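Breakdown of the fold
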There are 2 protein chains.
Amino acid sequence: MSDTKEPLFNRIALIGIGLIGSSLARATKQRGLAGEIVACARSKATRDIVMELGIVDAVYETPVEAVQDADLIILCTPVSTYADLAQAMSPALKPGTIVSDVGSVKESVIRDVGPHLPDGVHFVPGHPIAGTEHSGPEAGFAELFDGRWCILTPPVGTNAAALAKITTYWEALGSMVEIMTPHHHDKVLAITSHLPHLIAYTIVGTATDLEESQQADVVKFSAGGFRDFTRIAASDPIMWRDVFLNNREAVLEMLQRFSEDLSVLQRAVRWGEGDILEDRFRKTRDIRRGIVDAHQAGTFDAREPDNDGN
Amino acid sequence: MSDTKEPLFNRIALIGIGLIGSSLARATKQRGLAGEIVACARSKATRDIVMELGIVDAVYETPVEAVQDADLIILCTPVSTYADLAQAMSPALKPGTIVSDVGSVKESVIRDVGPHLPDGVHFVPGHPIAGTEHSGPEAGFAELFDGRWCILTPPVGTNAAALAKITTYWEALGSMVEIMTPHHHDKVLAITSHLPHLIAYTIVGTATDLEESQQADVVKFSAGGFRDFTRIAASDPIMWRDVFLNNREAVLEMLQRFSEDLSVLQRAVRWGEGDILEDRFRKTRDIRRGIVDAHQAGTFDAREPDNDGN
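Residues numbered from 1 in each chain as written. Chains lettered and ligands numbered in written order. Predicted model: local features only at pLDDT ≥ 70, side-chain atom pairs only at ≥ 80, totals over all residues. Heavy atoms only, no water.

Close contact between helix α8 (residues 212-220) of chain A and helix α12 (residues 274-293) of chain B brings their axes to 8 Å; oriented N to C, the two are set at 60°. The orientation of α8 of chain A with respect to α12 of chain B, classified from their angle, is oblique. Here α8 of chain A contributes Gln-215, Val-218 and Val-219 of chain A to the contact with α12 of chain B, which in turn contributes Ile-287, Gly-290 and Ile-291 of chain B. Taken together, the residues of the contact of α8 of chain A with α12 of chain B break down into 4 nonpolar, 2 polar and no charged. (Axes fitted to C-alpha atoms, helices over the stretch in contact; angles between N-to-C directions. Helix = DSSP H or I, 4+ residues; strand = E, 2+ residues; numbered from the N terminus. Parallel < 35°, antiparallel > 145°, perpendicular 65-115°, else oblique. Contact = heavy atoms within 4.5 Å. Nonpolar A, V, L, I, M, F, W, Y, C, P; charged D, E, K, R; others polar.)

Encoded structure:
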């Protein structure tokens with residue numbers, strides 16, 4: 001790659017600059033993928049932080065200012081804001097502009113954003129499977145998307161060149177790109193991400209309600225498995241509220257299946273049916289092996305004494 | 001410490017030499033805490049592996065052989081085997097010998113082991129809050145207990161010198177020792193360890209039953225939260241079967257609380273009650289902060305892109 005190579009985009013506008021938006025800003029800059037990176041943040045406090053961090057060239061209060069002359073716009077706010085944002089920025093969008101996002105649900109995003117975009121603007125929704133439990137522009141880092149999947153869910157009839165370009169962008173950020181229908185995305189993520197978060201929030205909440213004498217010891221002896229749940233349950237509350245409000249059917253379906261399966265184990269515990277428990281516990285090892293084989297097991301040392309294995 | 005110092009124990013016998021037993025052997029040897037370390041393993045294959053690993057001085061087929069002349073005996077097998085083991089080794093136990101264990105439940109252990117021990121033998125049950133999802137003698141390592149809690153649950157009337165000696169032993173292995181009643185232990189561990197494991201086994205099982213078209217993508221996109229559950233659910237099936245069979249009341253009580261709390265969130269998802277979801281999600285952040293403050297958050301980098309935070 002020569003230094004004089006044209007960047008992939010002239011101007012990228014990031015609408016919202018929290019963990020994901022600020023990581024995109026850092027990664028885009030580091031890899032020279034945009035001539036200019038601008039952001040939009042509603043609160044002055046966030047705008048001040050972002051300018052101090054020096055991760056974008058400019059930051060604006062309103063979306064209509066931020067998207068001026070941008071050839072790529074990425075929505076990085078909670079998905080409940082998308083409809084209003086799309087409406088607000090719509091008058092400033094020129095034909096050929098690509099609009100994308102990073103939301104954790106995809107059917108509702110297409111429903112909310114699509115109708116507001118003028119003809120000739122290409123909408124390619126996306127979802128990087130990357131993140132941490134930390135929030136805000138200070139929490140971002142340039143390597144967040146490295147070696148991670150990014151799912152794109154182009155609506156039927158999406159411009160092929162626009163899809164190719166956004167694919168190139170994510171690959172340049174280090175991600176592996178997968179294309180699927182929004183419906184399939186929402187089903188798969190309901191079980192791999194949304195339900196685990198709902199359960200983690202629940203069990204941490206259950207522990208929070210315990211008698212005070214047990215409360216302190218829950219924190220102290222959390223290494224037995226619980227602390228993994230607390231990490232998941234420390235994720236951004238607004239973002240996750242919006243996920244559940246916008247992927248209701250798939251989440252409720254997976255939750256129903258989970259509850260049935262939990263009842264079976266609960267009954268086995270109550271009646272001392274060890275063979276049912278053992279049989280169920282054996283089966284789940286295979287799926288872990290699949291994840292380890294697929295190199296998605298995470299970067300922590302496999303030997304890390306993290307759960308209570310004795 | 002001078003080289004000529006007497007080791008804490010003359011002969012330690014480890015009954016069972018899987019992940020925890022073999023880690024104890026390694027750590028005890030490394031820190032010079034025993035004149036001799038012997039083990040007991042029922043299967044010839046395990047005995048061969050253990051001798052090849054060179055982590056003990058001798059390995060026996062039967063507990064009665066292994067405990068000969070031992071001044072510390074630690075049960076490191078699944079808790080369902082304890083009653084038979086205690087009965088089998090009982091004739092070979094001399095007054096003054098300390099018997100301990102590493103089981104994840106404590107009331108049932110006292111019920112199963114206590115009655116079989118001759119007078120003058122000191123029983124001090126223990127539970128190191130340490131482990132990995134891996135099993136077997138090859139999976140152990142000397143640092144497993146370093147910086148981890150070990151809970152001791154001495155029955156009323158336990159010999160003070162024996163309790164002090166076993167406390168010294170665990171501290172020499174790098175652990176922090178906490179003493180509590182077996183009842184309190186079983187309650188606290190039900191929420192911090194047993195319920196998280198039951199839930200993790202359940203959700204990974206639910207995913208295993210999905211339609212084939214979704215199955216592959218569950219593995220592929222597991223980074224969204226699910227893979228943390230798969231790690232927990234890869235733990236030893238026999239050990240965990242025994243935990244649930246032996247801590248039934250506490251597990252069922254915590255499970256009942258969890259199910260009630262999950263129903264509240266499920267209802268909020270169904271009826272689109274965003275304020276209830278957001279409120280609940282906010283509350284759980286505090287308990288995570290408590291864990292981070294207590295330095296029990298684990299050794300992984302807090303920035304590790306491990307769950308789906310966008």
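Anyway, onward from the coordinates.
Once turned by 180° and shifted 0.0 Å along the axis, chain B lies on chain A with an RMSD of 0.0 Å. Read as a symmetry element, the transformation amounts to a two-fold axis. When the interface residues of chain B are mapped onto chain A, 100% of them again fall at the interface, so both copies present the same face. (Least-squares fit on C-alpha atoms with pLDDT ≥ 70 in both.)

Contacts between chain B and chain A engage 119 residues on the former and 119 residues on the latter. Roughly 11500 Å² of surface becomes buried between chain B and chain A when both sides are summed, with 63% attributable to carbon and sulfur atoms. Viewed at the interface, chain A and chain B are joined by 12 salt bridges. Here Glu-278 of chain B and Arg-241 of chain A are joined by a salt bridge, their closest N and O atoms 2.9 Å apart. The interface formed by chain B and chain A includes 32 residue pairs in polar contact (both at pLDDT 80 or more). It is helix α7 (residues 182-208) of chain B that provides the largest number of residues to the side of chain B that touches chain A, a total of 20 residues. Partitioned by chemical class, the residues of the side of chain B that touches chain A number 55 nonpolar, 37 polar and 27 charged. (Buried area = accessible area lost by both parts, 1.4 Å probe. Salt bridge = Lys/Arg side-chain N within 4 Å of Asp/Glu carboxyl O. Polar contact = N/O pair within 3.5 Å; in protein donor to acceptor, adjacent residues only side chain to side chain.)

On to the pattern of salt bridges. If you walk through the whole model with that rule in mind, you get 40 salt bridges over all chains. Note that Glu-211 of chain B is salt-bridged to Arg-257 of chain A, the shortest N-O span being 3.1 Å. Here Arg-257 of chain A lies in helix α11 (residues 248-270) and Glu-211 of chain B lies in the loop between α7 and α8 (212-220), a pairing that spans two chains. Judged by relative accessible area, which is 37%, Glu-211 of chain B ranks as partly exposed. The class for Arg-257 of chain A is partly exposed, based on a relative accessible area of 22%. Between Lys-187 of chain B and Glu-253 of chain B there is a salt bridge whose closest N-O contact spans 2.5 Å. Residue Lys-187 of chain B is located in helix α7, and its partner Glu-253 of chain B is located in helix α11 (residues 248-270); the two are separated by 66 residues in the primary sequence. Judged by its relative accessible area of 19%, Lys-187 of chain B is buried. (Buried < 20%, exposed > 50% of the residue type's maximum accessible area, 1.4 Å probe, protein only.)

This part is about the sheet that holds strand β6 (residues 122-123) of chain B. Residues and elements named next belong to chain B. Strand order across the open sheet formed by 6 strands is β3-β2-β1-β4-β5-β6, with parallel pairing between neighbours. Of all strands in the sheet, those bounded by a partner on one side alone are β3 (58-60) and β6. Relative to strand β2 (residues 34-40), strand β1 (residues 9-15) is paired through 6 bridges, and the arrangement is parallel. Looking at the pairing, Arg-11 lines up with Glu-36 of β2. Along the sheet, helix α4 (residues 82-89) contacts β1, β4 (72-75) and β5 (98-101); its crossing angle with β4, the most-contacted strand, is approximately 155°. (Pairing = 2+ DSSP bridges.)

Looking now at the pairing of β4 of chain B. Residues and elements named next belong to chain B. Residues of β4 alternate between two faces, with Leu-72 and Ile-74 on one and Ile-73 and Leu-75 on the opposite face, all of them buried. Looking at chain direction, β1 and β4 are connected through 4 bridges and run parallel. Across the sheet, residue Ile-12 finds its bridge partner in β4, namely Leu-72. With 4 bridges connecting them, β4 and β5 associate as parallel partners. Across the sheet, the residue bridging to Ile-74 is Ser-100, located in β5. In the classification by handedness, the crossover that spans β4, the intervening α4 and the parallel β5 is right-handed. (Right-handed = clockwise from strand over helix to strand, strands pointing away.)

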